[in-house]
Amino acid sequence: MDDAISPLLGGHQHGQLIPQHVNPPRSVVNIPDPDPNNNNVGTAVAKIAEILSSCQESLINGEEMSIPYRTRPTRRAAASGNPARPRPAPSVVGFPGRSAAEAAKFTQVFKILQLSLSALLSGNPITKRNIYYQCQDLFGNSQTVVDRLVDDLAYTLGLGRDFLNIVATSKGLVAGPVILLTRMFAAIDASTGDAGVLIPQPRNIGQIDFGTTQWVLGKGYADLATRQFVHTLHSARPELPVLALVDYDPDGISIMRCYSHGSRAHAHEQGVTVPSLQWLGVRSDDVASRVARGGLGFDDQYVNGALGSINPLTQRDRTRARNIIKDLDEESDNHDVSCRRELQVMLFLGIKAEIQAMDDAGDMTAWLDEHMRGFLYGDVM
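Residues numbered from 1 in each chain as written. Predicted model: local features only at pLDDT ≥ 70, side-chain atom pairs only at ≥ 80, totals over all residues. Heavy atoms only, no water.

(A) Layout of the overall build of the protein chain. In terms of regular secondary structure, the protein chain is built from 13 helices and 16 strands. The 381 residues of the protein chain split such that 47% are buried. Considering only intrachain contacts with a sequence separation of at least 6, the fraction spanning at least 24 residues in the protein chain is 74%. Looking at the protein chain as shown, the accessible area adds up to about 19,200 Å², and 51% of this sits on carbon and sulfur atoms. (Helix = DSSP H or I, 4+ residues; strand = E, 2+ residues; numbered from the N terminus. Buried < 20%, exposed > 50% of the residue type's maximum accessible area, 1.4 Å probe, protein only. Contact = heavy atoms within 4.5 Å. Areas by Shrake-Rupley, 256 points an atom, 1.4 Å probe, with all protein chains shown as cover.)

(B) Structural detail: the pairing of strand β3 (residues 65–68). Side chains of β3 alternate between two faces, with Met 65 and Ile 67 buried and Ser 66 and Pro 68 left unburied. In the sheet, β3 pairs with strand β4 (residues 92–95) via four bridges, with the strands oriented antiparallel. From the neighbouring strand, Ser 66 faces β4, where its bridge partner is Gly 94. (Pairing = 2+ DSSP bridges.)

(C) Structural detail: unusual backbone geometry. The omega torsion of the bond from Phe 95 to Pro 96 falls at 5°, within 30 degrees of zero and hence cis. Relative to the helices and strands, Pro 96 resides in the loop between β4 and α3 (100–122). For the peptide bond that leads from Gly 281 to Val 282, omega is 10°, which places it in the cis range. By the element assignment, Val 282 lies in the loop between β14 (278–281) and α9 (284–293). The phi dihedral of Asn 165 is positive, around 60°, even though this residue is not glycine. Among the structural elements, Asn 165 can be located in the loop between α6 (144–157) and β6 (166–167).

(D) Just the packing of aromatic side chains, in detail. For the structure on display, the rule yields three aromatic pairs. An angle of 35° between the planes, with centres 5.7 Å apart, marks the rings of Phe 95 and Phe 106 as tilted. Pair noted here: Phe 95 is in strand β4 and Phe 106 is in helix α3, with a separation of 11 residues, a long-range link. Residue classification places Phe 95 among the partly exposed positions, given a relative accessible area of 34%. Here a set of aromatic residues connected by ring pairs shows up, and it is made of Phe 95, Phe 106 and Phe 110. (Phe/Tyr/Trp six-rings, centres within 6.5 Å; stacked < 30°, edge-to-face > 60°.)

(E) Highlighting the packing of α3 against α6. Where α3 meets α6, the closest approach of the two axes is 10 Å, and the angle between their N-to-C directions is 70°. Overall, the two elements α3 and α6 adopt an arrangement that is roughly perpendicular. Crossing of α3 over α6 shows right-handed handedness. Mapping the contact onto sequence places Lys 105, Gln 108, Val 109, Ile 112 and Leu 113 in α3 and Val 145, Leu 149, Val 150 and Leu 153 in α6. Tallied by class, the residues present in the contact of α3 with α6 amount to seven nonpolar, one polar and one charged. (Axes fitted to C-alpha atoms, helices over the stretch in contact; angles between N-to-C directions. Parallel < 35°, antiparallel > 145°, perpendicular 65-115°, else oblique. Left-handed = near helix turned anticlockwise from the far one by under 90°. Nonpolar A, V, L, I, M, F, W, Y, C, P; charged D, E, K, R; others polar.)

(F) Representation of the confidence of the model for the protein chain within the structure. Taken residue by residue, the protein chain gives an average pLDDT of 79. The fraction at 70 or more is 81%. In the model, residues 76–88 has pLDDT below 50 throughout and makes four contacts with residues more than four positions away in sequence or in other chains. Note that pLDDT drops below 50 for residues 300–306; the model gives that stretch 13 contacts with residues more than four away or on any other chain. (pLDDT = per-residue confidence, 0-100.)

(G) Local environment of the nonpolar core. Counting 56 residues, the largest nonpolar core has Ile 208, Met 256 and Leu 343 as its most contacted members. Here this core gets five residues from one element, more than from any other, and that element is helix α8 (residues 250–261). Apart from residues lying up to four places away in sequence, Ile 208 is in contact with Ser 27, Val 28, Val 29, Ile 31, Val 178, Ile 179, Leu 180, Thr 232 and Leu 233. Residues Ala 44, Leu 52, Ile 126 and Ile 166 belong to the second largest nonpolar core, which totals 34 residues. (Core = buried A, V, L, I, M, F, W, Y, C linked by side-chain atoms within 4.5 Å.)

(H) Structural detail: the layout of surface pockets. Here the largest pocket defines a volume of roughly 1,200 Å³. In terms of lining, the largest pocket is formed by 37 residues, of which the most central are Tyr 221, Cys 258, Ser 263, Ala 265 and His 266. Sorting the residues of the lining of the largest pocket by element identifies α4 (128–134), α6, α7 (224–236), α8 and α11 (315–327) as the ones contributing at least two each. If you tally residues by element for the lining of the largest pocket, the top one is α8, at six residues. Along the lines of polarity and charge, the residues of the lining of the largest pocket split into 10 nonpolar, nine polar and 18 charged. Both domains that furnish three or more residues to the lining of the largest pocket are identified here as domain 1 (40–73 + 90–167) and domain 2 (173–377). (1 Å grid on protein atoms, 1.4 Å probe; cavity = no way out; pocket = protein on both sides within 12 Å on 5 of 7 lines; lining within 4 Å. Points joined across faces, edges and corners; volume = space filled by probe spheres on them. Domains from an automatic or database assignment.)

(I) Seen up close, the pattern of salt bridges. Tallied over the entire structure, the rule returns 12 salt bridges. The closest approach of N and O atoms between Arg 320 and Asp 251, which form a salt bridge, is 3.1 Å. You can see Arg 320 sitting in helix α11 and its partner Asp 251 sitting in helix α8, a full 69 residues away along the chain. With a relative accessible area of 27%, Asp 251 lands in the partly exposed category. Between Asp 336 and Arg 257 there is a salt bridge, with its nearest N and O atoms 3.0 Å apart. Taken together, the positions of Asp 336 in helix α12 (residues 334–349) and Arg 257 in helix α8 put the pair 79 residues apart, joining distant regions of the chain. Each member of the pair, Asp 336 as well as Arg 257, carries the same accessibility label: buried. The network of salt bridges with common partners includes Asp 251, Arg 316, Asp 317, Arg 320 and Lys 352. (Salt bridge = Lys/Arg side-chain N within 4 Å of Asp/Glu carboxyl O.)

Here's what the structure looks like:
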């Protein structure tokens, strides 16, 4: 599974970029500014300034400083029905606090708020990576500390992470006959480069020229910016099919549902899902066909590596699959019903398969042609 998502947009040629004050052709769509009056930015500035001012006042008065801080709900917390769980984490972090760990966390959160306020006032976004490397001694040996604190702060303030003017370093790629025009009128041609181009921050996209794009295909890990981008594409052209290509394993299905239904970790974020997303593959039928072509059965010889991209489920995989099934409502939509069935088949067979299991000596063209024909021409598999 790739680490970054690569939305692919199918088509053959480009249209021309049209200034936003001119009526664009059908292929060109203007993207509304998500915060045209800077209301969310103003709210973020006011909230952060109030917190920092309160800390300054407490310091002057010789009192303990505190910052509101709530941790986003996790799968484990949501799934636990044990009333005897330890008391919930406090809704503030203080200095000097009750321990050295709390004092350190306060310092980390305070620094992020300072940098966020500076970024908001200057209008220049700052990346989580920059925050980490500016204060590496403060955040230790892992950038995940910054990632977690930033998202928790956005959750605490009731805002999307973008409105803190803190962004993630671009990871996702987009490839295909489409041109993106940023709000600063920079054109990004997604047909250039062998692997496509980096996705810009979605809120900075002002116009999309879809050309003759006929479909959108996503694969890989669903980072927040790329999920926002896919949502933007779908909102601009809802008639275009949005398809997901993921590994046939619990993580692949979880990634796909992150596209379609979102995640608990970013439940406070807006505009990050595509509920109408369709599952292109890989499914159990695809795996069965591949095994049949190899002249094998679902036996020990097979699961022990006769086909390198098809392997037995690990105990972690089984636990992950059961947890996803628990999250699925039995009376939910057809997409979730299909996910439930495939997970149950997966557990029964005890196998998983990578996307690469479907290729022919590294070429997936035939498999993609066969499967996408059904989605594009109405014969959905």
